[in-house]
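# Survey of secondary and tertiary structure
Single-letter residue listing:
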Amino acid sequence: MALREIRILGDELLRKKSREVTEINDKIRETLSDMQETMLKNDGVGIAAPQIGILKRMIVVMKTEKEILKLINPEIVEMSGEAVDYEGCLSVKKKSVKVKRPTKIKVRAQDEYGNKLEFVAEDFFARVICHEVDHLEGILIVDKEV
Ligand code: NI
């Protein structure tokens, strides 16, 4: 595992759309481990691959202090509810932004071994996933300030 440098607002790479992961291999698993380490080291609750300079559809999200999910090709297939709350981002230093998010989402993804996952996330965890999936589209919280 290795710590990676986090790209900061203004870096053009953060604005690009990430590509689907078509082959899940050791390199992908190593990148996900690096993402996790980098997230934890920076006290984040989520991180997306573009934030470490990799334009692939991968995110790491903290569900609880003890449960961290590594998601490949995550898709939000259903959403409902609506709530506005403050969010921070490892790429947007020292700024919290109010963002509107769904309160309940259904997510489809693959895990780091290619197993298919489908689950429902609510409230804060749903917010974290929506935030990270936005990164895969080149969208940052500053675009969504309400
Ligand atoms: Ni972020």
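The structure we're discussing is the one just above.
So, here's what we can say about the structure.

## Observations regarding the coordination of the nickel ion
Perfect tetrahedral coordination of a metal by four donors corresponds to 109.5 degrees between them, and perfect octahedral coordination by six donors corresponds to 90 or 180 degrees. In this structure, Cys-89 (SG), His-131 (NE2) and His-135 (NE2) serve as the protein donors to the nickel ion, at separations of 2.1 to 2.2 Å. Counting along the primary sequence, the residues that act as donors to the nickel ion give the motif C-x41-H-x3-H. Separated by 42 residues along the polypeptide, Cys-89 in strand E4 (residues 83–89) and His-131 in helix H2 (residues 123–136) bring together distant segments of the chain. In terms of burial, Cys-89 and His-131 fall into one category: buried.

## Things to note about the layout of surface pockets
The computed volume of the largest pocket comes to approximately 240 Å³. For the largest pocket, the lining is made up of 17 residues, of which Val-45, Gly-88, Cys-89, His-131 and Glu-132 are closest to its centre. Of all the secondary-structure elements, those providing two or more residues to the lining of the largest pocket are E4 and H2. A total of six residues in the lining of the largest pocket trace back to one element, the largest contributor, which is H2. Here the lining of the largest pocket is composed, by residue class, of six nonpolar, seven polar and four charged.

## Some words on the nonpolar core
Judged by nonpolar contacts, the single largest core of 17 residues is most densely connected at Ile-59, Val-61, Phe-119 and Ile-129. Those elements giving two or more residues to this core turn out to be strand E2 (58–64), strand E3 (67–80), strand E6 (104–110), strand E7 (116–122) and H2. If you tally residues by element for this core, the top one is H2, at seven residues. Sequence-distant contacts of Ile-129, that is, excluding residues within four places in its chain, are made with Ile-59, Val-61, Ile-105, Val-107, Phe-119 and Ala-121.

## Some details on the pattern of salt bridges
What the rule picks out here adds up to 16 salt bridges. The salt bridge partner of Arg-101 is Glu-87, with a shortest N-O separation of 2.8 Å. Here Glu-87 lies in strand E4 and Arg-101 lies in strand E5 (residues 92–101), a separation of 14 residues in the sequence. Of the two residues examined, Arg-101 and Glu-87, each falls in the buried class. Here Glu-118 ties to Arg-108 by a salt bridge, and the two come within 2.6 Å at their closest N and O atoms. Linking Glu-118 in strand E7 with Arg-108 in strand E6, this pair joins segments that are ten residues apart in sequence. Under the relative-accessibility criterion, Glu-118 is labelled partly exposed at 47%. Members of the salt-bridge network, linked through shared partners, are Glu-87, Arg-101, Arg-127, Asp-134 and Lys-144.

So, how was this worked out
- Residues numbered from 1 in each chain as written.
- Predicted model: local features only at pLDDT ≥ 70, side-chain atom pairs only at ≥ 80, totals over all residues.
- Heavy atoms only, no water.
- Donors = N, O, S within 2.8 Å, 3.2 Å for Na, K, Ca; no water.
- Helix = DSSP H or I, 4+ residues; strand = E, 2+ residues; numbered from the N terminus.
- Buried < 20%, exposed > 50% of the residue type's maximum accessible area, 1.4 Å probe, protein only.
- 1 Å grid on protein atoms, 1.4 Å probe; cavity = no way out; pocket = protein on both sides within 12 Å on 5 of 7 lines; lining within 4 Å.
- Points joined across faces, edges and corners; volume = space filled by probe spheres on them.
- Nonpolar A, V, L, I, M, F, W, Y, C, P; charged D, E, K, R; others polar.
- Core = buried A, V, L, I, M, F, W, Y, C linked by side-chain atoms within 4.5 Å.
- Contact = heavy atoms within 4.5 Å.
- Salt bridge = Lys/Arg side-chain N within 4 Å of Asp/Glu carboxyl O.

Function cannot be read off these values alone, since they describe shape.
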